[in-house]
Amino acid sequence: YVAGLSHVQKSDDESDDSPSVKVDLGKLIQTLEFHQKQKNKILSVIPSTPLEAGLYCIATGEIRDMLAGKHTDIMTRLLNNHAEHCQILTAFIEKKFSEIQIKLQKKPKDIEEVTEITDYMNTIPNNVQPLKDQIDAMMQYNKVLERFNLRARALRLGLVHDAGDVLVAVWARVNKVR
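All of these numbers come straight from a predicted model, not from anything done at the bench.

Cut-offs applied
- Residues take numbers from 1 onward in each chain, read along the sequence in its written order.
- Only residues with pLDDT of 70 or above have their local features reported here, since the model is predicted, and side-chain atom pairs are shown and tallied only from 80 upward, although totals for entire chains, interfaces and linings are computed over all residues.
- Side-chain numbers come from the whole structure's heavy atoms, not from hydrogens or water.
- Comment: elements are numbered from the N terminus, with helices defined as DSSP H or I runs of at least four residues and strands as E runs of at least two.
- The criterion used for residue contact is that any of the two residues' heavy atoms lie within 4.5 Å.
- Using a 1.4 Å probe, accessible areas were evaluated by the Shrake-Rupley method; residue-level cover was limited to the displayed protein chains.
- What a helix is expected to span follows from its residue count: subtract one and scale by 1.5 Å.
- Think of it in three bands: with a 1.4 Å probe and only protein chains considered, a residue is buried below 20% of the maximum accessible area for its type, exposed above 50%, and partly exposed in between.
- The directions from the helix axis to the C-beta atoms form the arc being described.
- Here a polar contact is taken to be a pair of N or O atoms separated by no more than 3.5 Å, where protein atoms must pair a possible hydrogen donor with a possible acceptor and residues adjacent in sequence count only if both atoms sit in side chains.
- Note on bend: the value at a residue is the angle between axes fitted to the seven residues ending there and to the seven starting there.
- Within this scheme, the nonpolar core is defined by two criteria: the residues are buried Ala, Val, Leu, Ile, Met, Phe, Trp, Tyr or Cys, and they are joined through side-chain atoms within 4.5 Å.
- Any carboxyl oxygen of Asp or Glu within 4 Å of a side-chain nitrogen of Lys or Arg constitutes a salt bridge here.
- For every residue, the predictor states its confidence as a pLDDT score lying anywhere from 0 to 100.
- Axis definition: a line fit to C-alpha positions, over the contact stretch in the case of helices; interaxial angles, taken between N-to-C directions, run 0 to 180 degrees.
- For classification, angles of less than 35 degrees are called roughly parallel, those exceeding 145 degrees roughly antiparallel, those between 65 and 115 degrees roughly perpendicular, and all remaining angles oblique.
- Under the scheme applied, nonpolar residues are Ala, Val, Leu, Ile, Met, Phe, Trp, Tyr, Cys and Pro; charged residues are Asp, Glu, Lys and Arg; polar residues are all the others, including Gly.

Topic: the overall build of the protein chain
Part 1: The helix and strand tally for the protein chain stands at 5 helices and 4 strands.
Part 2: In sequence order, the protein chain lays out its α and β elements as β-β-α-β-β-α-α-α-α.
Part 3: In the protein chain, the proportion of contacts linking residues at least 24 apart, taken out of those at least 6 apart, comes to 68%.
Part 4: Of the roughly 11,500 Å² of accessible surface on the protein chain, a fraction of 53% belongs to carbon and sulfur atoms.

Details of helix α1 (residues 25-45)
Note: α-helices contain 3.6 residues per turn, so residues at a spacing of three or four share the same orientation.
Part 1: The terminal C-alpha atoms of α1, which comprises 21 residues, lie 30 Å apart, in line with the 30 Å expected from a rise of 1.5 Å per residue.
Part 2: Among the residues of α1, L25, L28, I29, T31, L32, H35 and I42 are the ones counted as buried. Here the buried residues of α1 occupy an arc of 165 degrees about the axis, which is enough to place them on one side. Along α1, the residues that are exposed and aim more than 90 degrees away from the buried face are Q30, K37, K41, S44 and V45.
Part 3: Summarising the contacts, the buried residues of α1 are in contact with β2 (21-23), α2 (60-105) and α3 (111-147).
Part 4: With a side-chain oxygen lying 3.2 Å from the backbone nitrogen of G26, the N-terminal cap of α1 falls on D24.

Some points on α3
Part 1: Its 37 residues give α3 an end-to-end C-alpha distance of 53 Å, which sits within 8% of 54 Å, the value for a rise of 1.5 Å per residue.
Part 2: At T123, α3 is deflected by roughly 40 degrees, the largest bend along its length, and proline P125 occurs up to four residues later in sequence.
Part 3: Backbone geometry just after α3 places N149 at a positive phi near 60 degrees.

Quick word on the nonpolar core
Side chains of a nonpolar character, in soluble globular proteins, are inclined to be buried together.
Part 1: Ranked by size, the top nonpolar core spans 28 residues in total, and within it L28, L32, I93 and V144 carry the most contacts.
Part 2: Among the secondary structure elements, those contributing two or more residues to this core are β2, α1, α2 and α3.
Part 3: Looking at this core element by element, the count peaks at 11 residues for α2.
Part 4: Excluding anything up to four places from it in sequence, V144 contacts L25, L28, I29, L32, L79 and H82.

Details of the pattern of salt bridges
Part 1: Per the stated rule, a full pass over the model turns up 3 salt bridges.
Part 2: With a closest N to O distance of 2.1 Å, E33 and R147 form a salt bridge. Taken as a pair, E33 in helix α1 and R147 in helix α3 lie far apart in primary sequence, 114 residues in all.
Part 3: A salt bridge links R77 to D73, with the shortest nitrogen-to-oxygen separation between them at 3.1 Å. One end of the pair is R77 and the other is D73, both in helix α2 and 4 residues apart, which spans about a single turn.

A closer look at the environment of H71
Part 1: Mapped onto the secondary structure, H71 falls in helix α2.
Part 2: C-alpha of H71 to C-alpha of Q38: the two residues are 33 residues apart in sequence and 7.1 Å apart in space.
Part 3: Leave out the neighbours within four places in its chain, and H71 touches H35, Q38, K39 and I42.
Part 4: A distance of 3.0 Å separates polar atoms of two side chains, one belonging to H71 and the other to H35.

Considerations on the confidence of the model for the protein chain
Part 1: For the protein chain, per-residue confidence averages 81 on the pLDDT scale, and residues scoring 70 or more make up 78% of the total.
Part 2: The element-level mean pLDDT for the protein chain is lowest in helix α4 (residues 151-157), coming to 45, with α1 highest at 92.
Part 3: Low pLDDT (under 50) marks residues 151-161, which in the prediction has 23 contacts with non-local residues, meaning those over four places away or in another chain.

With respect to the packing of α1 against α3
Part 1: Packing of α1 against α3 brings their axes to within 11 Å, and their N-to-C directions diverge by 5 degrees. Here α1 lies roughly parallel to α3, going by the angle between them. Judged by residue contacts, L25, L28, I29, L32 and E33 of α1 engage Q140, Y141, V144 and R147 from α3.
Part 2: Residues of the contact of α1 with α3, tallied by class, amount to 6 nonpolar, 1 polar and 2 charged.

Following this line, the structure appears as structure tokens:
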């Protein structure tokens, strides 16, 4: 079921301008909210205590937990996959800033290389703007994890960083490049 959802677009080849994964956050949030509502509906409709039916006693608590657990499992899988997508986007952004930093750390040997570096420095604002857009997307990706309470678990697993910490680290790198 989770693999069949269409909220993720993957490309086999990671181009220089975009990461290999794009997530339709609207579809993802809609799917997560649907399963959250279904879980809450099950928990509110099916009693946790056994029902007596004449000589029989029906253990509804186990059925209730099993049905609610299926929706919880689907949400957890979706959020874990999304945390991996966040990590892919974070790695992509970090790689791009590293490339800029490497080019700027090059020590010129003659006046022509100084001119090349100066010309490159003049293109940095144009090179950084798409990365700012990617940072905004990364922040939105992480907000979904935080909204559905996966943040703490994902942080422990090392799948995703705190959104504020990532922004501070990326911003520090941007300022280094400047």
